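Inside the fold
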Amino acid sequence: MTLNHDDRSTKPQSNSQSAGELGVDTGGTFTDVIARENGALAVYKIASTPDAPEEAVIDGVRHFAGDAAADWRIVHGSTVATNAVLENNLARTAYIANTGFADVLTIGRQARRELYVLEPAPNPVPVAPELCFEVDARLDAHGNSLVALDEAMCDALVDKLREAGVEAVAINLLFAFLNGDDEAAIESALRKALPDLAIARGSRVLPEYGEYERGIATWLNAALGPTVGGYLRRLESALERVAIMHGAAGTVGVDQAADNAVNLLLSGPAGGLLGARFVARSAGLDRVLTLDMGGTSSDVALVADELALTSKTRIAGYPVAVPMVDMHTIGAGGGSIAWLDAGGLLQVGPASAGAEPGPACYGKGGEQPTVTDAHVVLGRLPASTQLGGHMGLDVEAARRAVGRIAEPLDLSVEDAAAGILRIADEAMTGALRVISVARGESVADDSLLCFGGAGPLHACALAEGMGMKRVLIPVFAGVLSALGMLVARRSRERSLSILQPLADVDTDEIDAWLEPLREATRDELVEEGVAESDIEERLSADLRYAGQSASLNLAWREPAELVDAFHEAHAARYGHRFELPVELVNLRLHRAGPVPEVELPDIETGEGTPEAAETVAVHDLGDAVPVYDRESLRAGQCFDGPAIVRETVTTTWIAPDWAAQVDTKGNLVLCQR
């Protein structure tokens, strides 16, 4: 298997003219494309085009497909939605609520980010007061009409919105998750009078209890609509047929994606977790702890047979309650800047040098010391490394940058660099604990799977910090999210609020409640090419003790069995259980098409220890540490640390007391000796 990671990459070697599959992941710096044709795999990297992200995607697709993109299966994960929220690049959006509830999004949950700060900074206001409008209609807590919506109310809203000059509208009425007729009537009136508006209503975006969370999700869906919808339409017009990765690690067609923009948050990271699970299975591993370390941040997750989803994600401080992959993110990446606080203590991140100018070792004028610079100073990133296949390293610039930290601390440059890495490692180890042991999950017998441009440099230290003895550095580690796109299933996530004691729930009622959701998801999947007989279903339930607000999600089973399972799950998570009634909060329906038939090809076999491309000096380890080029490694070969494995999109540091073996797919399996 030959991999090329620059703009001169070649197409998969194949004598067949049949179309294949393309996975495309757009990042802040690079757009990664993986092509699969007749079992052969090839990688293409192209600089992203932030002002028009579709340009890099189209160029990447055409590199492999030429003018025949319509004949290829294309799956795309994008950062467009996430970046729009982080950068506050949102459409001018109006918010429609019941009389007296226009300020729900501003009030929020009254939770304080810092408990002991007497004068906390105010939370950002999602929608300006002048864009919040009220309608004097009302439902009761059972979804019955108390004050009917009439035509005059809708006409008044139309006039106000026309005068406000908004681009989008979010409709979020009380108890609409039980009865969405009023919201639907308002939407119909607005679409008729103001057809150019992007409109979202809570009863469709997130039909669950929780006025604030439902309102935020609805507002984000509307506010992202023009940006995300425009991007996807431009992409579709050029590529004709493309599937889009959503944040729950499945794919949807462009029409569905454009109407559900909030579901595209975490699109790229979801692809990374799919790729991690796929490669872990190729290595015979059922469960792995994952670390995806890029230039600015690190994403961690616990990946088992099914990817865990959560409705408690926060992005840019906002709760996003639509289902997304369950991961934890911290501001620690290869570009994270080291600095001294007011007390003279060394800190790392969350500020990042980004791609421009980037770490000092990039030679683009950066002067701040970063995690990547620390690796260069210590020799773990050899001076001969060509980042991305074409960018050399400026070792002296890295030493000067780290020296800015070393001098005031009265340390050598090498000791300061080692301190930077220890602090970064501890931050990432803490994140790994949050997603695992803090939830009652023991990972000592699991494997740590590290990927991303910077992750494999930290793999051994993080595994030791977690008490883990085994690490997997996957093939395609630097572009794993793009690989994950190829193995994504067509899928849909739907939810339904119940709010009843579990003991009172009748299973026949469950089927009746779910039937409309099943019909809708079936129609959508069939329209996107999934055979009805191939649709698989998974049902789960959000449960809590009566009187609680937090819930746990468990796979659905008979109510009596589910009660016992919840008691056990609560004890495992929180260390105790109550003799209280268990309440069914939400039902969650997952429906998906078949898994794409993708396999990693076997690599050539070899014996003994591979031949080193060179030896380099590494701080405290002498000047004879071997450097192996990953593309030259063969299945079955073994070697001991300290050692460095170099490739164009990432570098792996194998610490002393660790040994590496190459498996049949080209994955590196590291074990502590």
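An account of the accompanying structure is given in this report. Since this is a predicted model, take the numbers as computed values, not measurements.

1. Observations regarding the environment of Met-327
- When you line up the elements, Met-327 lands in the loop between strand E18 (324–325) and strand E19 (328–330).
- When its relative accessible area of 15% is taken as the criterion, Met-327 is described as buried.
- Spatially, the C-alpha atoms of Met-327 and Leu-105 are 25 Å apart, while their sequence positions differ by 222 residues.
- Setting aside chain neighbours within four positions, we find Met-327 in contact with Pro-269, Leu-273, Asp-299, Val-300, Ala-301 and Ile-435.

2. Quick word on the pattern of salt bridges
- Evaluation of the coordinates by the stated rule reveals 36 salt bridges.
- Between Arg-522 and Asp-523 there is a salt bridge whose closest N-O contact spans 3.2 Å.
- One salt-bridge network, held together by shared partners, links Arg-490, Arg-492, Arg-494, Glu-524 and Glu-528.

3. Points about empty space enclosed by the protein
- Taken as a whole and judged by the stated rule, the model has two cavities of 30 Å³ or more.
- Estimated volume of the largest cavity: approximately 160 Å³.
- Ala-248, Ala-249, Arg-277, Glu-306 and His-590 are the residues nearest the centre of the largest cavity, which is lined by 15 residues in total.
- Of all elements in the fold, only helix H9 (267–282), strand E24 (491–501) and strand E27 (582–592) reach the threshold of two or more residues within the lining of the largest cavity.
- Class assignment of the residues belonging to the lining of the largest cavity gives a composition of eight nonpolar, two polar and five charged.
- Roughly 50 Å³ of volume is contained in the second largest cavity.
- Residue lining of the second largest cavity: Ser-78, Val-80, Ala-81, Val-228, Tyr-231, Leu-232, Ile-244, Met-245, Leu-264 and Ser-267, and that is the complete set.
- For the lining of the second largest cavity, the elements supplying multiple residues, two or more each, are helix H2 (80–86), helix H7 (211–239) and strand E11 (243–245).

4. Remarks on the sheet that holds strand E25 (residues 536–545)
- A sheet is described by the order of its strands in space; here four strands give the open sequence E24-E27-E25-E26, paired in antiparallel fashion. Looking along the sheet, the strands with just one partner apiece sit at the ends: E24 and strand E26 (552–555). Sheet twist, expressed as the mean angle between neighbouring strand axes with direction ignored, is 25°.
- Relative to E27, E25 runs antiparallel, the two sharing ten bridges. Each bridged residue has a counterpart across the sheet, and for Leu-543 the counterpart in E27 is Leu-584.
- On the sheet, helix H15 (residues 507–527) packs against E24, E25 and E27 and is oriented at approximately 170° with respect to E24.

5. Focus on the nonpolar core
- Counting residues in hydrophobic clusters, the biggest one holds 190 residues, and the most contacted among them are Ile-186 and Trp-219.
- Ranked by the residues each element gives to this core, the list is headed by H7, at 13 residues.
- Each residue touching Ile-186, except ones within four places of it in the same chain, is listed here: Ile-96, Val-135, Leu-149, Cys-154, Leu-157, Ile-171 and Leu-173.
- Membership of the second largest hydrophobic core comes to 20 residues, among which are Leu-496, Ile-498, Ile-510 and Leu-589.

How each quantity is defined
Residues numbered from 1 in each chain as written. Predicted model: local features only at pLDDT ≥ 70, side-chain atom pairs only at ≥ 80, totals over all residues. Heavy atoms only, no water. Helix = DSSP H or I, 4+ residues; strand = E, 2+ residues; numbered from the N terminus. Buried < 20%, exposed > 50% of the residue type's maximum accessible area, 1.4 Å probe, protein only. Contact = heavy atoms within 4.5 Å. Salt bridge = Lys/Arg side-chain N within 4 Å of Asp/Glu carboxyl O. 1 Å grid on protein atoms, 1.4 Å probe; cavity = no way out; pocket = protein on both sides within 12 Å on 5 of 7 lines; lining within 4 Å. Points joined across faces, edges and corners; volume = space filled by probe spheres on them. Nonpolar A, V, L, I, M, F, W, Y, C, P; charged D, E, K, R; others polar. Pairing = 2+ DSSP bridges. Axes fitted to C-alpha atoms, helices over the stretch in contact; angles between N-to-C directions. Core = buried A, V, L, I, M, F, W, Y, C linked by side-chain atoms within 4.5 Å.

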